[in-house]
Amino acid sequence: MSVTYDSPDHRNMLDRTRQGVIGQPLDRPEGALKVAGQATYAAEYRRPGCAEGVLVGATISKGRVTAIHRDSVAGMPGVLGVYASPRMLRRAAQGGAGEAPMQDVREVDFPFQPVALVVAETFEQATTAAKALRIDYEDRSADARFEASADASEPAKDPVEAGDLEAALAQAEHVLDVTYTTPCHASAALEPHAAIAEWSDGKLTLHGSLQMVAFNVKELADSVGIDAEDVRIISPYVGGGFGSKLGISHEAVAAAIAARELDRPVRVVMSRQQVFESIMRRSETTQRVRLGCDAEGRLTALAHEALVSNLPEESFSEPVTQATEFLYAGDNRRLAIDISRITRLTAGSVRAPGEAVGMQVLEGAMDELAVKLHLDPVELRKRNIPDDVPGQGTPHSSRRLVEALDAGARAFGWSHRHPLPCQRREGEWWVGMGMASAARVNILSKAEARVTLRADGSILVESDQTDIGTGSYAVLGQIAAEMLGQPIERTEVRLGDSLYPPGAGSGGSWGASSTGSAVFRACEAIRAALARKMNCSGDDLLLQDGTICCEGGEPRPVTELLEGDLVRTGSIEPGETSENFNQATYGAFFCEVAVNAFTGETRLRRMTGAFGFGRVLNAKTARSQCLGGMVWGIGSALTEELSFDSRDGHLVNHDLAEYHVPVHRDIPEMEVILLEERDAVASPLQSKGVGELGICGAAGAVANAIYNACGVRLRDFPMTPDKLLAQLPDPFMNTT
Ligand code: MOS
């Protein structure tokens with residue numbers, strides 16, 4: 001069997017197996033450890049003689065470090081050393097490092113960029129010394145540009161163009177031309193970035209909080225100038241990443257450099273403020289959407305053009321139009337992203353890069369078009385589901401958009417919505433309903449995993465795959481237990497250590513399907529070995545509760561066949577199924593909001609999401625991913641926004657007191673519907689990635705509900721009370 005996934009696996013093996021654990025809403029096996037505080041996170045390892053490092057951020061916006069005055073702290077209690085922090089993988093956490101080799105340049109690219117590390121015996125001593133450290137700069141802040149500008153921008157990549165957009169717009173029955181803006185976002189993972197580095201015989205071991213261990217090993221080796229074989233990364237528990245831990249960053253490199261110099265373990269933990277200030281942001285966007293359609297609402301023209309920003313020379317640009325490419329009809333089209341180079345911390349991947357902010361705007365525009373047409377917004381979407389990718393002709397793999405729209409609308413009670421705004425008033429509150437589609441690209445990524453069927457029949461799964469709170473431990477165990485016919489309790493999963501085979505890592509929603517496919521294939525190899533002893537094919541083997549038989553045979557304990565441990569490694573790489581099909585996940589959001597007629601405060605009242613993402617591997621962890629995404633969407637709609645000082649570009653709201661993510665009180669009843677789906681094109685598991693789908697469009701549904709409630713169409717996220725208040729209708733309208 002080829003390692004690359006070239007033809008769809010229609011055997012649907014996981015529907016033929018008997019154990020019955022796949023898809024079940026099983027608890028995460030590490031869950032009890034986490035809630036009891038017994039799961040050891042990166043900063044919590046006890047290493048004898050561990051010194052404590054604290055990062056120092058630049059006090060200029062842009063320029064260069066000319067001197068670090070070590071003598072300014074040398075005599076302070078406990079201080080062990082001060083290390084220049086070379087421009088530490090500024091693009092760390094990009095998933096795209098390797099483009100810029102580490103250099104000992106002391107350039108300062110953005111305010112608060114870490115430029116030095118102070119190490120002391122205790123954290124308090126290091127913190128005190130870090131505040132006292134004197135650094136000289138060549139200050140070129142005057143050259144900085146702090147705001148993105150269309151006038152100073154360049155195309156981020158070639159636009160997608162098809163047909164004749166301008167002619168189609170000119171001939172269209174209805175035309176919409178709107179511009180929305182979205183602000184910068186922070187990842188705001190609960191666990192701050194942390195690392196403990198330690199050297200032994202020229203080899204480096206790093207306890208880190210990372211998403212992509214195999215890739216991070218290479219980055220770290222590059223950064224400190226040693227071979228990847230001499231680096232071990234251990235990252236079994238990660239308190240959230242959302243993209244911010246895709247690559248290594250300042251704390252890991254600084255800890256490694258200092259530990260080598262001091263010949264002692266060194267721990268570096270970022271403060272919440274340092275995470276906000278130095279870990280990448282999601283780019284702000286300005287998005288112009290033009291839609292042209294016929295009298296029935298069928299799109300003939302579609303343009304989605306975005307302006308995003310990043311530091312000079314960074315390769316990442318927020319791929320705003322990613323889902324617009326395949327979601328709706330409109331043969332005449334232009335999708336384009338321009339990038340403006342500004343002095344702000346690095347822009348990079350934040351949960352669902354592209355779709356998160358692209359979909360909320362596209363779905364706002366679709367709602368506006370539906371209003372123009374006096375057409376139900378659900379119906380408008382249904383009329384515009386294309387046969388293939390417009391302008392390209394690429395076929396879609398499995399797609400449950402219509403089913404999601406229907407199931408969501410039914411469960412939510414969409415038929416009770418008033419089509420016109422300002423029709424429902426409850427006390428001080430305007431009440432309205434809104435909806436949006438969800439869409440997100442699906443990616444299969446290269447992965448490897450090792451599975452052992454031990455002589456006693458128990459199962460061990462090993463991969464460096466991480467679990468960033470997403471359920472990797474649970475899901476990978478379920479796949480192995482299902483394929484090898486053992487209860488889940490007999491299955492052990494070990495993750496997050498570079499000594500294990502390289503999984504796909506956690507990013508782009510690909511972890512469960514990709515590393516899961518590797519686990520699946522390792523299990524297939526074990527089944528084939530067992531089948532040889534049984535004289536039937538691996539596909540016809542029936543394994544359940546520790547027994548084995550061929551179709552029609554008498555079950556016997558599988559241990560009777562095992563002379564020792566049966567160990568197999570499985571691997572997968574994307575192949576022709578990735579090239580020849582447009583693979584994506586789909587869904588629909590429906591929500592009800594109340595907008596205070598006097599204060600402009602918006603309260604989400606309830607929300608329903610229906611999603612199709614191939615086979616559900618674990619209904620509980622999948623549901624949690626969808627819920628988490630929807631909560632992000634609500635934050636994006638109502639509160640989340642990084643604010644930068646326009647004079648020197650520094651981040652103003654650098655903690656969770658000032659950067660407002662939704663809290664429990666903000667999140668009411670949420671309903672998640674998981675649709676039945678098998679996508680054999682996507683993976684041998686017939687599954688796709690769900691990690692990011694729940695955010696992709698969710699904020700649009702909230703914005704559309706705000707319009708339906710009070711008639712205010714804001715095109716500037718987040719939709720805070722100050723903006724709403726300025727446009728709210730007479731609060732006494734339609735009241736008696
Ligand atoms: Mo994700 S933003 O690719 O971790």
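Residues numbered from 1 in each chain as written. Predicted model: local features only at pLDDT ≥ 70, side-chain atom pairs only at ≥ 80, totals over all residues. Heavy atoms only, no water.

1. Description of the sheet that holds strand S4 (residues 79-84)
Spatially, the seven strands line up as an open sheet ordered S4-S6-S2-S14-S11-S12-S13, and their pairing is mixed. Each of the sheet's edge strands pairs with one partner strand only, and the pair in question is S4 and strand S13 (231-234). Direction aside, neighbouring strands of the sheet carry axes that sit 20° apart on average. With six bridges connecting them, strand S11 (residues 194-200) and strand S12 (residues 203-208) associate as antiparallel partners. Looking across to S12, one finds that Trp199 is bridged to Leu204. Strand contacts of helix H6 (residues 213-224): S11, S12 and S13, with the helix running at about 135° to S13, the strand carrying the most contacts. (Pairing = 2+ DSSP bridges. Helix = DSSP H or I, 4+ residues; strand = E, 2+ residues; numbered from the N terminus. Axes fitted to C-alpha atoms, helices over the stretch in contact; angles between N-to-C directions. Contact = heavy atoms within 4.5 Å.)

2. Overview of the layout of surface pockets
Size it by volume and the second largest pocket reaches roughly 490 Å³. Leu55, Val56, Gly57, Ala130 and Gln274 are, among the 21 residues lining the second largest pocket, the residues nearest its centre. Taken together, the elements giving at least two residues each to the lining of the second largest pocket come down to strand S2 (51-57), helix H4 (123-132), strand S7 (134-139) and helix H8 (272-278). (1 Å grid on protein atoms, 1.4 Å probe; cavity = no way out; pocket = protein on both sides within 12 Å on 5 of 7 lines; lining within 4 Å. Points joined across faces, edges and corners; volume = space filled by probe spheres on them.)

3. A closer look at the side chain of Gln486
By the secondary structure assignment, Gln486 is in the loop between helix H13 (472-484) and strand S22 (491-494). When its relative accessible area of 2% is taken as the criterion, Gln486 is described as buried. At 2.7 Å, the side chain of Gln486 and the backbone oxygen of Gly457 are in polar contact. When residues no more than four places from it in sequence are discounted, the contact partners of Gln486 are Gln19, Gly457, Ile459, Ala481, Asp545, Gly546 and Val558. (Buried < 20%, exposed > 50% of the residue type's maximum accessible area, 1.4 Å probe, protein only. Polar contact = N/O pair within 3.5 Å; in protein donor to acceptor, adjacent residues only side chain to side chain.)

4. A few points about the packing of helix H16 (residues 619-638) against helix H17 (residues 698-710)
In the contact formed by H16 and H17, the axes pass within 7 Å of each other and the chain directions differ by 50°. For the element pair H16 / H17, the angle class is oblique. Read as a crossing pair, H16 and H17 show a hand that is right-handed. Along the contact surface, H16 presents Met630, Gly633, Ile634, Ser636, Ala637 and Leu638, while H17 presents Ala698, Ala699, Val702 and Ile706. (Parallel < 35°, antiparallel > 145°, perpendicular 65-115°, else oblique. Left-handed = near helix turned anticlockwise from the far one by under 90°.)

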